[in-house]
Amino acid sequence: MKLRDYQQRAINQLYDWFRAGNEGNPCLVLPTGSGKSHIVAALCKDALQSWPETRVLMLTHVKELIEQNAEKMRQHWPGAPLGIYSASIGRKDLGEPITFAGIQSVRSKARELGHIDLVIIDECHLVNHKDEGGYRTLLDELQAINPALRVVGLTATPYRLGHGLITDAPAIFADLIEPVSIEELVFKGHLSKLRSKVTEARLDVSGVKKRGGEYIEADLQRAVDTADQNDAVVREVIARAGNRKAWLFFCTGVAHAQHVAEVMQEYGIAAACVTGDTPKTERAAILADFKAGKLRALTNANVLTTGFDYPDIDLIAMLRPTMSPSLYVQMAGRGMRPKSHTDHCLVLDFAGVVETHGPITAVQPPKKAGSGEGEAPVKVCDTCNELCPISARQCPACGAEFPAPGPKRFELRTDDIMGIEPSEMAVTDWKWRKHVSKASGKEMLAVTYYGALSEKPITEYLPINHEGYAGQKALGHLLAMKAKSGAPDTTDHSLDGISASMNAGMPPANITYKQDGKFYRVLTRKWNESQQNMKSNESLSDGSGNLSRASGYLPFPMAAQGRQV
């Protein structure tokens, strides 16, 4: 079974990462719907056929993912020597070179598993960043058996609420490898687009408290699960759905999911509810009916975010406010499989989740939890200039009332959930400089592109000194720009020296870019034909008249990584 180009690219980049001598464990970041199980299967097959003594443990947290991964393994390698260890599946195979297992079943079975060379963890953002929990306990014990154990993670969302990126210390993952983007998958037809609509009904969570950065579920359900709101939501879904045939609702809890399903039934919609309390046989029957078209709508509470795939879902109703970007991406991802009857899935965001987290192509990692030792945020009283707690409704010094916070404004366009359409700028000039990150203190290159006087300059950052994939990718962009701009070689290999060299080069005629959180990501840089002709007449020599590439000379050595550009 042949891999798609980006799936093979993922394996190649993973091998390159190991060959570079990097320490720690890498994580492959692959969007929902990119076919992680195919990549795992090909990786396992290659490892066993190249090194027959290798023993691989494939871990995940839900039965459905274990079955999917094992099934794809059989497709790629019909005679694969694999076993399954999962109480929920009813199998406890040991002794095979490849074991697909549920973490709940093997968390205390390190001795029985024995010597493992490679652990692959699907949905690895669930691994605790602290040295605790089932995954960390098992990995520690397996590493005691084999100190050379390597771990490879796979996830669409490489961050944890309250912690930040899964590579932030303390963590078992050292680097992120990102072989493909959502934009590429949509462009190539491997994923379907989402469209979002501003809804009339909006769920109010202004009084709901949070714990650990997320809404407290019991309080959230009390605020959201009301008869009036459920009725308003269902009526609006019916009005907007048209002839859409498969509706999936994400609700705040079991009772909420049940109540929404009941309201739909009252309006004559064939609907059912799936929760963690639904018996396995009943759940299987409900999902089968949904996929067969016997049910038009399905509500759920925390069970259909991973391991559930039905490509023809064409409407998603988000009734589950969340501060978790991972949960947001997982919910939205259920609608991104290519469909048999339409080119998109409609997302009705009653919970303001898209507004909270932004387009799914530019979701930002959550902030790390504070230590509690920083200064509390304050505001200033306009009447007496007293510094007051940010939450104060009244000034404690003079009694003046602070204005009540207004409701959030919903300003979504129909395509905001994707954020794919880029902006374009005709470039008039560029400016390179060394930049020092205020957050990390790391040094990098920054280039600002200037357009017309009325246009805002666009700055992109190239962390060419950083180790790992981020540095390699930035380095590649720099090399490409140097070649196309005709920038001269330099013997000054500092960031200031590189900047001076690039400033002497010719800027692109235009760029396309998109906002990525607080920053901008430049997608394309184009030099026109006249610029290319001018460049072709300039020398790119290394001082001897030979072309830099042909002689093997690379102009900007990166001492920190032992490589050159």
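Below is a short write-up of the structure. Since this is a predicted model, take the numbers as computed values, not measurements.

Calculation notes
- Numbering of residues starts from 1 in each chain and follows the order in which that chain's sequence is written.
- This being a predicted model, a pLDDT of at least 70 is required before a residue's local features are given, and a value of 80 or more before pairs of side-chain atoms are given or counted; all residues contribute to the totals for chains, interfaces and linings.
- Computation of side-chain values covers all heavy atoms of the structure but excludes hydrogens and water.
- Here a Phe, Tyr or Trp ring, Trp counted by its six-membered ring, pairs with any other such ring whose centre lies within 6.5 Å, and the pair is stacked when the planes are under 30 degrees apart, edge-to-face when over 60, and tilted otherwise.
- Helix numbers and strand numbers start at the N terminus; a helix is a DSSP run of H or I with at least 4 residues, a strand a run of E with at least 2.
- Partly exposed residues are those whose accessible area sits between 20% and 50% of the maximum for their type, while under 20% is buried and over 50% is exposed, using a 1.4 Å probe and protein chains only.
- Surface patches are drawn from residues lacking salt bridges whose relative accessible area is over 30%; two like charges belong together within 9 Å, two nonpolar side chains (Val, Leu, Ile, Met, Phe, Trp, Tyr) within 5 Å.
- To be clear on the numbers: accessible area is Shrake-Rupley with a 1.4 Å probe, and residue cover counts the displayed protein chains and nothing else.
- We define a salt bridge as a side-chain nitrogen of Lys or Arg found within 4 Å of a carboxyl oxygen belonging to Asp or Glu.
- Here the positive residues are Lys and Arg and the negative ones are Asp and Glu; neither His nor the chain ends is included.
- Lysine's charge is taken at NZ, arginine's at CZ, aspartate's at CG and glutamate's at CD.
- In a helix, the anticipated span is given by 1.5 Å times the number of residues less one.
- Summarising the geometry, the arc corresponds to the directions from the helix axis toward the C-beta atoms.
- Residues count as neighbours in contact if any of their non-hydrogen atoms are within 4.5 Å of one another.
- Residues adjacent in sequence count toward polar contacts only when both atoms are side-chain atoms; beyond that, a polar contact is any pair of N or O atoms within 3.5 Å, and within protein one must be able to donate a hydrogen and the other to accept it.
- Should DSSP find at least two bridges between two strands, the strands are regarded as paired.
- In this analysis an axis means a line fitted to C-alpha atoms, helices contributing only their contacting stretch, and an angle means the value between N-to-C directions, from 0 to 180 degrees.
- Crossover handedness is defined by viewing with both strands directed away from the observer: a clockwise path from the first strand over the helix to the second marks the crossover as right-handed.

Describing the packing of aromatic side chains
For step 1, the next point in the chain: Tallied over the full model, the rule gives six aromatic pairs.
For step 2, the next point in the chain: Between W430 and W527, the ring centres sit 6.3 Å apart and the planes meet at 75 degrees, which makes this aromatic pair edge-to-face. Note that W430 is positioned in strand β22 (residues 429-436) and W527 in the loop between β26 (519-526) and α16 (529-536), a separation of 97 residues in sequence.
For step 3, the next point in the chain: Where Y513 meets Y520, the ring centres are 5.7 Å apart and the plane angle is 80 degrees; that geometry is what we call edge-to-face.
For step 4, the next point in the chain: Of the residues examined, Y513 reaches a relative accessible area of 13% and is grouped as buried.
For step 5, the next point in the chain: Aromatic ring contacts, followed pair by pair, group W430, W432, Y449 and W527 into a single cluster.

Some thoughts on a negative patch on the surface
For step 1, the next point in the chain: Together, D131, E132, D140 and E141 give the surface a local cluster of negative charge.
For step 2, the next point in the chain: Examined against the element boundaries, D140 turns out to sit in helix α6 (residues 134-145).

Remarks on the pattern of salt bridges
For step 1, the next point in the chain: For the structure shown, the criterion picks out 19 salt bridges.
For step 2, the next point in the chain: Note that E123 and K36 form a salt bridge whose closest N and O atoms lie 4.0 Å from each other. Here K36 lies in helix α2 (residues 36-50) and E123 lies in the loop between β6 (118-122) and α6, a separation of 87 residues in the sequence. Here E123 matches K36 in class, with each residue buried.
For step 3, the next point in the chain: Between K434 and E443 there is a salt bridge, with its nearest N and O atoms 3.7 Å apart.

Side note on helix α3 (residues 63-76)
For step 1, the next point in the chain: Look at α3: 20 Å from first C-alpha to last across 14 residues, which is about the 20 Å you get at 1.5 Å a residue.
For step 2, the next point in the chain: Burial in α3 covers these residues: L65, I66, N69, A70, K72, M73 and H76. Down the axis of α3, the sector holding all buried residues measures 160 degrees, keeping them to one side.
For step 3, the next point in the chain: Turning to α3, the residues buried within the fold contact α2, β2 (56-60), β3 (82-86), β5 (98-102) and β6.

Comments concerning the side chain of S192
For step 1, the next point in the chain: Checked against the element boundaries, S192 lands in the loop between α7 (182-187) and β11 (193-197).
For step 2, the next point in the chain: A distance of 3.1 Å separates a polar atom in the side chain of S192 from the backbone oxygen of D343.
For step 3, the next point in the chain: Setting aside residues up to four positions removed in sequence, S192 forms contacts with V186, G335, M336, R337, P338, K339, D343, H344 and C345.

As for helix α8 (residues 217-224)
For step 1, the next point in the chain: Among all positions in α8, only L220, Q221 and V224 are buried. Looking down the long axis of α8, one finds its buried residues gathered within 95 degrees of arc, a one-sided arrangement.
For step 2, the next point in the chain: Buried residues belonging to α8 abut β13 (214-215), α9 (227-241) and α10 (254-266).

Focus: the sheet that holds strand β10 (residues 173-177)
For step 1, the next point in the chain: Strand order across the open sheet formed by eight strands is β4-β3-β5-β2-β6-β7-β1-β10, with mixed pairing between neighbours. Every other strand in the sheet has two partners, leaving β4 (91-92) and β10 as the edge strands with one partner each.
For step 2, the next point in the chain: Along the sheet face, α2 touches β1 (25-29), β2, β5, β6 and β7 (150-155) and points at about 175 degrees away from the line of β6.
For step 3, the next point in the chain: Along the sheet, α3 contacts β2, β3, β5 and β6; its crossing angle with β5, the most-contacted strand, is approximately 160 degrees.

Some thoughts on the pairing of strand β18 (residues 344-349)
For step 1, the next point in the chain: In terms of burial, β18 is largely enclosed, as six of its six residues are buried.
For step 2, the next point in the chain: Across the two faces of β18 the burial is the same, with H344, L346 and L348 and C345, V347 and D349 all buried.
For step 3, the next point in the chain: As defined by bridge partners, β11 adjoins β18 across five bridges and the pair is classed as parallel. Within the sheet, the bridge partner assigned to S196 lies in β18 and is V347.
For step 4, the next point in the chain: As judged from the four bridges shared by strand β17 (residues 315-318) and β18, these two strands associate in the parallel manner. When the sheet's bridge partners are listed, L315 is paired in β18 with L346.
For step 5, the next point in the chain: On the question of chirality, the crossover connecting β17 to the parallel β18 by way of helix α12 (residues 325-333) is right-handed.

Some thoughts on the pairing of β17
For step 1, the next point in the chain: Residues L315 and A317 of β17 are buried on one face, and the alternating residues I316 and M318, pointing to the opposite face, are buried as well.
For step 2, the next point in the chain: Pairing of strand β14 (residues 247-250) with β17 involves four bridges; the strand directions are parallel. What sits directly across from L248, in β17, is I316.

Regarding the sheet that holds β17
For step 1, the next point in the chain: The strand order β11-β18-β17-β14-β16-β15 describes an open sheet built from six strands, whose pairing is parallel. Every other strand in the sheet has two partners, leaving β11 and β15 (271-274) as the edge strands with one partner each. Strand-to-strand twist of the sheet, defined as the mean angle between neighbouring strand axes without regard to direction, takes the value 20 degrees.
For step 2, the next point in the chain: Contacts from α12 reach β11, β14 and β17, with the element oriented near 155 degrees to β17.

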